[in-house]
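Spelled out from the first residue to the last, the chains are:
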Amino acid sequence: SVSAGIPDFRTPGTGLYDNLHKYNLPDPTAVFDINFFRENPAPFYLLARELFPGQYLPTPTHFFLRLLHDKGVLRRVYSQNIDSLE
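The structure displayed is predicted, hence computed values, not measured ones.

**What to know about the confidence of the model for the chain**
- Overall, the predicted model of the chain reaches an average pLDDT of 86, with 92% of residues at or above 70.
- Considering each helix and strand of the chain separately, the mean pLDDT is smallest for helix 2 (residues 42-51), with a value of 90, and largest for helix 1 (residues 34-39), with 97.

Below, the structure written as structure tokens:
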């Protein structure tokens, strides 16, 4: 995901949590806190729009995995990604 331009969560300077100042959150994780969301859902929706599927293009690795799938040789893929680029 990072190679596609999607920020990770914790890298100092470039991570998602380090770049949420514009939302005036009490702390960076508040954007994903249900209690904060109930009081102020706007930051979550603004961030979701930024990260919405379709904003980023698949990487060469994604295309390679797709090629393996299309050729019928890919049995399974284990990933922690939630980038929706598959």
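**Here we look at a nonpolar patch on the surface**
- A contiguous nonpolar patch, built from Phe9, Phe32, Phe44 and Tyr45 and spanning about 380 Å² of accessible area, is present on the exposed surface.
- Here Tyr45 lies in helix 2.

**So, the side chain of His62**
- Structurally, His62 can be placed in helix 3 (residues 60-70).
- A distance of 2.8 Å separates the side chain of His62 from the side chain of Thr59, its partner in a polar contact.

**Describing the nonpolar core**
- If you look at the biggest cluster of nonpolar residues, it comprises 9 residues: Leu16, Tyr17, Leu20, Tyr23, Leu25, Ala30, Val31, Phe36 and Leu47.
- Residues contacting Val31, with those up to four places away along its chain left out, are Leu20, Leu25, Pro43, Phe44 and Leu47.

**A short note on the environment of Asp18**
- Assignment of secondary structure puts Asp18 in the segment before helix 1.
- Owing to a relative accessible area of 37%, Asp18 belongs among the partly exposed residues under this scheme.
- With 10 residues separating them along the chain, Asp18 and Pro28 place their C-alpha atoms 7.4 Å apart.
- Once residues lying within four places of it in the same chain are set aside, the contact partners of Asp18 are Thr11, Pro12 and Gly13.
- A distance of 2.4 Å separates the side chain of Asp18 from the backbone nitrogen of Gly13, its partner in a polar contact.

Cut-off values and rules
- Residues numbered from 1 in each chain as written.
- Predicted model: local features only at pLDDT ≥ 70, side-chain atom pairs only at ≥ 80, totals over all residues.
- Heavy atoms only, no water.
- pLDDT = per-residue confidence, 0-100.
- Helix = DSSP H or I, 4+ residues; strand = E, 2+ residues; numbered from the N terminus.
- Patch = residues over 30% accessible without salt bridge, like charges linked within 9 Å, V, L, I, M, F, W, Y side chains within 5 Å.
- Areas by Shrake-Rupley, 256 points an atom, 1.4 Å probe, with all protein chains shown as cover.
- Salt bridge = Lys/Arg side-chain N within 4 Å of Asp/Glu carboxyl O.
- Polar contact = N/O pair within 3.5 Å; in protein donor to acceptor, adjacent residues only side chain to side chain.
- Core = buried A, V, L, I, M, F, W, Y, C linked by side-chain atoms within 4.5 Å.
- Buried < 20%, exposed > 50% of the residue type's maximum accessible area, 1.4 Å probe, protein only.
- Contact = heavy atoms within 4.5 Å.

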